[in-house]
Amino acid sequence: MKKIALDNNKNVVSKSLRLCRVRCGMTQSELETLGINMDQQMLSRIENNSRMVTDYELAGMCLALRVSPAELLTDFFREYSEQ
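What counts as what
Residues numbered from 1 in each chain as written. Predicted model: local features only at pLDDT ≥ 70, side-chain atom pairs only at ≥ 80, totals over all residues. Heavy atoms only, no water. Helix = DSSP H or I, 4+ residues; strand = E, 2+ residues; numbered from the N terminus. Buried < 20%, exposed > 50% of the residue type's maximum accessible area, 1.4 Å probe, protein only. Salt bridge = Lys/Arg side-chain N within 4 Å of Asp/Glu carboxyl O.

(A) Region of the structure containing unusual backbone geometry. The residue Asn49 is not glycine, and still its phi comes out positive at about 60°. Mapped onto the elements, Asn49 comes out in the loop between helix H3 (40-47) and helix H4 (55-65). By relative accessible area, Asn49 is classed as buried at 17%. In the Ramachandran plot, Arg66 falls in the positive-phi region, its phi being about 60° despite a non-glycine side chain. Within the secondary structure, Arg66 is located in the loop between H4 and helix H5 (69-72).

(B) Quick peek at the pattern of salt bridges. For the coordinates displayed, the defined rule picks out five salt bridges. Notably, a salt bridge pairs Arg23 with Glu71, separated by 2.5 Å at the nearest N-O pair. Note that Arg23 is positioned in helix H1 (residues 14-23) and Glu71 in helix H5, a separation of 48 residues in sequence. Taking relative accessible area as the criterion, Arg23 reaches 56% and is therefore assigned exposed. We note a salt bridge from Asp75 to Arg78, for which the minimum N-O separation is 3.1 Å. Of this pair, Asp75 and Arg78 are both found in helix H6 (residues 74-81), three residues apart, which corresponds to roughly one turn of the helix. A relative accessible area of 29% means that Asp75 is categorised as partly exposed. Here the salt bridges do not stand alone but share partners, grouping Arg18, Arg21 and Glu47 into one network.

The quantities given are spatial measurements derived from coordinates; they are silent on function.
Shown next, in the form of structure tokens:
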């Protein structure tokens, strides 16, 4: 198995999470109210790539945004499959 270097990144969904949230027309505060157990500040840190994301949080974000985990992980798979 190939080692994946994540540089100084804390998560691999920061860009796609922000894009999906904006595409859905939601603010971070609005996403917070949809049942995921995190506040606006936590979402901001995830989108700014300064906080890790648990599998539980990833699943909750996918449900709230009505996207698949694959959609949030698209950039990650694209970048690392080319190496």
